[in-house]
Amino acid sequence: MTSENEQHDWITDVPSVNNAYFQKVRLYETRSNFYMIGCSKNRSTWRVLKIDRSEPTELNITEDPTTYTKVECCELLKRIHDGNKSTGGLRFVYACYGIVGFIKFLGPYYMLLITKRRKIGVICGHAVYAITKSEILPIPNSTVQLSVAYSKNENRYKKLLCSVDLTKDFYFSYSYRVMHSFQNNLSTREPPNETMFVWNKFLTTPIQNQLRNNLWTVQLVYGYFKQVTLSIADKNFKLTLIARRSRHYAGTRYLKRGVNEKGRVANDVETEQIVFEDVPEGCPVQISSVVQNRGSIPLFWSQETSRLNIKPDIILSRKDQKYDATRLHFENLTKRYGNPIIILNLIKTKEKRPRESLLRMEFAHAIELINKDLPEENRLKFLHWDLNKYSRNKSTNVLALLGKVATYALNLTGFFYCHVIPNSKSQDHLNLSRDDYGDICDFQIDSNDTDNLKPVFSCKSNVENVNFSVKPIKHQTGILRTNCIDCLDRTNVAQYAYGWAALGRQLQSIGYIDTPVIELDSNLADDLMRIYERMGDTLALQYGGSAAHNKIFCQTRGQWKAATQSQEFFRTIQRYYSNAYMDAEKQDAINVFLGHYQPQIGRPALWELDSDQHYNVGGEGSNTFVERNRTIRRSLSVGNILYDGNILHDRSSIGTAKNNEDSLNEISGENDSSYIRFANTTSGPDLTFEEMPNSDRIFYNKDSFNCSNFLDVDWISSSGNSCEEETFERSTLVGSPIGSQSSEYMVNELCTFVSDSEISPSLQDGRSPVGGRFSDRFAEWVTNGDTFL
């Protein structure tokens, strides 16, 4: 019970908030209702939200249309308390920082609240927060009992929802649209895919449908956010690295691969690097940002989770021989970022047992067919470059080679740069929010900037007579899209190289350096590498179940080789265990959180359904369910490529093919018109660097299947180093029993000790996180990624 004086004290202490959101509210309850109290930024108006608790399975939310003063709000709370004394009166529940959403399983609705937060960064005066504590509350009061028949499944669904840890890698802002890039936030055009990166979109739908506003909810983005202060030439600047994971086709490594029918790809992540001058608030500031993308190869392919094989077969489906889904994917990228779309494909080009290389050739064929239907200026630009091959050569500087690619991509896409000048002495920050009640003030283009008079950008301010002038001198048009097989380890190395190349240009644009070059062995490059390395670890844990393999980063820093190999080995084990034993339940939790599966009475439970590699189970707004027997398929090969059909080809005849063309013909047949490959593997004409963008021809490296339609592959690798194929280097850990064995070999050996018959029934469906021969300590290490030794 909260006294009237305590209510008055709280109302006095409520912090100011932006007009578009209530940053802090107080939650009260009576037996019949929940009451949420929030106030405007200047504390002049107060609003009340009422949630009915008498309905066992329905959600009824009412927003009082009256705007109250502080005194009126206190009187209202007192009246509510007096009117409910017979049933216990008005009781305080939580001080909270926003509603995450509402969800229903088989019984009542639940409300998810943020009860603790921490500030992790500031963008143009707008705070960005992470969640440190959340709560889930059933809406009906205790007198409304859940049916015993459904209580077991209800509790299991609730446990699944709670397994999505909101305190890890989720972030939000009340006043800055952190789900959009800085350039899109300043654009007058509404960005496409408005909620692509809003992970609680499904959860907030019930309240938004009833209130038609988002005053009380927050929009959660999942991925990575880091803001640091760095320096160069004794000048400080702020760097913000943001990774936004798409909620479309989201999931875990082996359960979400490739593309779906809507053109959405697995592990789709947008990465933005923002650079700010480090200046006092209210002073003119120069800002630059650049965006890149990663995502799974946009073909219909998958891999079956295997407890006995660390590298399961790649299954390539024939269902989309015209590459319609692939086209949709690239059309979506064009809508989001414009042209050109530059594809950097890092998977292997030569293998003793064709695996990645065949998928790479299928991707190249898809790009070729899609480009035939596009006008010349809009054609996809691609580079197929085997990162693994070049990284094996100790004398090759892989990061420098990737830096060349990044530099060329930046020449094509550009990057965003603007100069923000306050037209008032006010210390108010740039307001880039959606404001439901505030006034809108357009940004004015500086009248002295005669080269940029187009009114392209606008922003908002809550303060009267306060305007900002923005000089949008540079814009980014187009995107670099990077992929490997998992879009984790190799991809993160390439993304760092792009960020490193872009940082030089960004710092030059704000006047910190004279030339757009940062030495790779400089302290600044090392600081940036560590930030990208942490981002890669975070994204890899989300999708792959372990931190990223950072061998190239470790070698660049000169880390002790044995320590690096030990780290890589244990991360391989961690990823294997997570994929084989934990990902099925993790995928179920994601499907529930995102609304891809919505429980219904009389329908199969989620854990009774087959894995959803090729479809969304009971997708949002859908009542379609597919029921199959859940099995873990034992891999019959050492990890080759299969084709999804009624007949599986005999993989024993593949052997060590002379080249990828021969291997492909052995598997798919020479007469299959949908699997025509590039036959010309000779090097193209020796064109100069400047001549490449205007040419339609495809240029091959004479020693491999590396090829590109916009730059010379030989020019990229012209570092004076030999990159001939080397024998795979085995681990040589000093004094270790795993010496002279690769990580994958050792894990496969470990797998042979546990047969299906030795696995407990709870593990047979891949859901129990601990069991069999694995200790609690080992499972804890796999789950949390902490040091095991």
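Every value quoted in this text rests on a predicted model; they were computed, and no experiment measured them.

### Some remarks on the overall build of the protein
Link 1 in the chain: Counting its secondary structure elements, the protein contains 18 helices and 23 strands.
Link 2 in the chain: Across the 789 residues in the protein, those meeting the buried criterion constitute 58%.
Link 3 in the chain: Long-range contacts, defined here as pairs at least 24 residues apart, represent 71% of the contacts in the protein between residues at least 6 apart.
Link 4 in the chain: Accessible surface, the protein: about 32,800 Å² in total, of which carbon and sulfur atoms supply 47%.

### Some points on the environment of alanine 589
Link 1 in the chain: Tracing the chain through its elements places alanine 589 in helix α13 (residues 561-594).
Link 2 in the chain: Classification of alanine 589 by relative accessible area gives buried; the value is 3%.
Link 3 in the chain: Sequence separation of alanine 589 and lysine 158 is 431 residues, and the distance between their C-alpha atoms is 9.5 Å.
Link 4 in the chain: With residues near it in sequence (within four places) discarded, alanine 589 still touches Leu160, Ser163 and Val164.

### A short note on the packing of aromatic side chains
Link 1 in the chain: Applying the stated rule across the entire model yields 19 aromatic pairs.
Link 2 in the chain: Ring geometry for tyrosine 129 versus tyrosine 174: centroids 5.5 Å apart, planes at 65°, classification edge-to-face. With tyrosine 129 in strand β8 (residues 126-138) and tyrosine 174 in the loop between β9 (170-172) and α4 (182-186), this pair connects stretches of sequence that are 45 residues apart. Each member of the pair tyrosine 129 and tyrosine 174 is classed as buried.

### Points about the environment of phenylalanine 105
Link 1 in the chain: Structurally, the position occupied by phenylalanine 105 is in the loop between β6 (99-104) and β7 (109-123).
Link 2 in the chain: When the C-alpha atoms of phenylalanine 105 and glutamate 154 are compared, they prove to be 6.5 Å apart, with 49 residues separating the residues in sequence.

### So, the sheet that holds strand β5 (residues 91-96)
Link 1 in the chain: Taken in spatial order, the five strands line up as β4-β3-β2-β1-β5 in an open sheet, and their pairing is antiparallel. A single partner strand is all that each edge strand has here, and the edge strands are β4 (61-63) and β5. Strand-to-strand twist in this sheet, taken as the mean axis angle between neighbours without regard to direction, amounts to 20°.
Link 2 in the chain: Two strands pair when backbone bridges link them, and strand β1 (residues 25-29) and β5 are joined in this way by five bridges, in the antiparallel orientation. Bridge pairing in β5 places valine 25 opposite cysteine 96.
Link 3 in the chain: Packing against the sheet, helix α5 (residues 201-211) makes contact with β3 (46-52) and β4, and its axis sits at approximately 50° to β4.

### Quick look at unusual backbone geometry
Link 1 in the chain: The omega torsion of the bond from asparagine 339 to proline 340 falls at 5°, within 30 degrees of zero and hence cis.
Link 2 in the chain: If you check the backbone angles, alanine 233 has positive phi at about 55° while not being a glycine.
Link 3 in the chain: Examined against the element boundaries, alanine 233 turns out to sit in the loop between β10 (221-232) and β11 (235-245).

### Regarding the pairing of strand β20 (residues 479-483)
Link 1 in the chain: In terms of burial, β20 is largely enclosed, as five of its five residues are buried.
Link 2 in the chain: The side-chain alternation of β20 yields two buried faces, one formed by Ile479, Arg481 and Asn483 and the other by Leu480 and Thr482.
Link 3 in the chain: Strand direction decides the pairing type here: strand β16 (residues 341-345) and β20, joined by five bridges, are parallel. The partner of asparagine 345 across the bridge, within β20, is asparagine 483.

### So, the pattern of salt bridges
Pairs can form between side chains of opposite charge whenever their charged atoms are close.
Link 1 in the chain: For the structure on display, the rule yields 16 salt bridges.
Link 2 in the chain: Two residues, arginine 91 and glutamate 29, come together in a salt bridge whose shortest N-O distance is 3.6 Å. Of this pair, arginine 91 sits in strand β5 while glutamate 29 sits in strand β1, and the two are 62 residues apart along the sequence.
Link 3 in the chain: For arginine 91, a relative accessible area of 24% corresponds to the partly exposed category.
Link 4 in the chain: For glutamate 29, a relative accessible area of 18% translates into the label buried.

### Regarding helix α2 (residues 70-83)
At 3.6 residues per turn, the α-helix brings residues three or four places apart onto the same side.
Link 1 in the chain: Along its 14 residues, α2 runs 20 Å from first to last C-alpha, staying within 8% of the 20 Å computed at 1.5 Å per residue.
Link 2 in the chain: Of the residues making up α2, those classed as buried are Cys73, Cys74, Leu76, Leu77, Ile80 and His81. Down the axis of α2, the buried set is contained in an arc of 160°. They therefore lie on one face. Away from its buried face, by an angle of more than 90 degrees, α2 presents the exposed residues Val71, Arg79 and Gly83.

### Some details on the nonpolar core
Link 1 in the chain: In this structure, Phe237, Leu239, Trp385, Leu402, Tyr496, Leu503 and Leu507 are the most contacted members of the largest nonpolar core, which totals 82 residues.
Link 2 in the chain: With 10 residues, the top contributor of residues to this core is helix α10 (residues 489-509).
Link 3 in the chain: Discounting chain neighbours no more than four positions away, the residues touching leucine 402 are Leu344, Leu346, Trp385, Leu387, Val493, Ala494 and Ala497.
Link 4 in the chain: Grouped together as the second largest cluster of nonpolar side chains are 38 residues, Ala127, Leu166, Tyr174 and Leu594 included.

### Remarks on helix α11 (residues 523-543)
Link 1 in the chain: The end-to-end C-alpha separation of α11 is 30 Å, in line with the 30 Å expected for 21 residues at 1.5 Å each.
Link 2 in the chain: Judged by how many residues are buried, α11 sits mostly within the fold: 15 of 21 residues are covered.
Link 3 in the chain: Looking at the residues trailing α11, positive phi occurs at glycine 545, about 95°.

### Thoughts on the packing of helix α6 (residues 324-337) against helix α7 (residues 356-372)
Link 1 in the chain: In contact at an axis separation of 10 Å, α6 and α7 are set at 70° when each is read in the N-to-C sense. With respect to α7, the axis of α6 lies roughly perpendicular. Between α6, through Thr326, Arg327 and Phe330, and α7, the contact on the second element is made entirely by Phe363, Ala366, Leu369 and Ile370.
Link 2 in the chain: Classifying every residue of the contact of α6 with α7 gives five nonpolar, one polar and one charged.

### Here's the deal with the confidence of the model for the protein
Link 1 in the chain: In the predicted model, the protein carries a mean pLDDT of 75, and 68% of its residues have values of at least 70.
Link 2 in the chain: Confidence drops under pLDDT 50 across residues 1-19; counting only partners more than four residues distant or on other chains, this segment forms 55 contacts.
Link 3 in the chain: Contacts for the low-pLDDT stretch residues 720-773, under 50 throughout, to residues beyond four places or in other chains number 106 contacts.

### Here we look at the environment of alanine 95
Link 1 in the chain: Considering the arrangement of structural elements, one finds alanine 95 in strand β5.
Link 2 in the chain: Judged by its relative accessible area of 22%, alanine 95 is partly exposed.
Link 3 in the chain: It is 8.7 Å that separates the C-alpha atoms of alanine 95 and lysine 116, two residues lying 21 residues apart in sequence.
Link 4 in the chain: With residues up to four places along the chain from it excluded, the contact list for alanine 95 reads Lys24, Val25, Arg26 and Thr115.

### Re the packing of α11 against α13
Two measures define how a pair of helices packs: the angle their axes make with one another and the distance between the axes.
Link 1 in the chain: Axis separation between α11 and α13 bottoms out at 9 Å; the angle between their running directions is 45°. What the angle tells us is that α11 and α13 run oblique. Residue-level contacts link Asp537, Ala540, Leu541, Gln542 and Tyr543 of α11 to Arg571, Gln574, Arg575 and Lys586 of α13.
Link 2 in the chain: When its residues are assigned to classes, the contact of α11 with α13 shows three nonpolar, two polar and four charged.

### Let's talk about the pairing of strand β2 (residues 33-39)
Walk down a regular strand and you will see the side chains alternate between the two sheet faces.
Link 1 in the chain: Buried residues dominate β2, accounting for seven of its seven residues.
Link 2 in the chain: Of the two faces of β2, the one lined by Asn33, Tyr35, Ile37 and Cys39 and the one lined by Phe34, Met36 and Gly38 are each fully buried.
Link 3 in the chain: Here β1 hands over to β2 after three residues, the two strands then running antiparallel side by side.
Link 4 in the chain: Where β2 lies against β3, seven bridges are found, and the strand directions are antiparallel. Across the sheet, cysteine 39 pairs through a bridge with tryptophan 46, a residue of β3.

### A short note on the state of the cysteines
Link 1 in the chain: For the coordinates displayed, the defined rule picks out zero disulfides.
Link 2 in the chain: Take cysteine 418: it sits in no disulfide, and the sulfur closest to it among the cysteines is that of cysteine 124, at 7.3 Å.

Calculation rules
- Residues numbered from 1 in each chain as written.
- Predicted model: local features only at pLDDT ≥ 70, side-chain atom pairs only at ≥ 80, totals over all residues.
- Heavy atoms only, no water.
- Helix = DSSP H or I, 4+ residues; strand = E, 2+ residues; numbered from the N terminus.
- Buried < 20%, exposed > 50% of the residue type's maximum accessible area, 1.4 Å probe, protein only.
- Contact = heavy atoms within 4.5 Å.
- Areas by Shrake-Rupley, 256 points an atom, 1.4 Å probe, with all protein chains shown as cover.
- Phe/Tyr/Trp six-rings, centres within 6.5 Å; stacked < 30°, edge-to-face > 60°.
- Pairing = 2+ DSSP bridges.
- Axes fitted to C-alpha atoms, helices over the stretch in contact; angles between N-to-C directions.
- Salt bridge = Lys/Arg side-chain N within 4 Å of Asp/Glu carboxyl O.
- Expected span 1.5 Å × (residues − 1).
- Arc of directions from axis to C-beta.
- Core = buried A, V, L, I, M, F, W, Y, C linked by side-chain atoms within 4.5 Å.
- Parallel < 35°, antiparallel > 145°, perpendicular 65-115°, else oblique.
- Nonpolar A, V, L, I, M, F, W, Y, C, P; charged D, E, K, R; others polar.
- pLDDT = per-residue confidence, 0-100.
- Disulfide = S-S within 2.5 Å.

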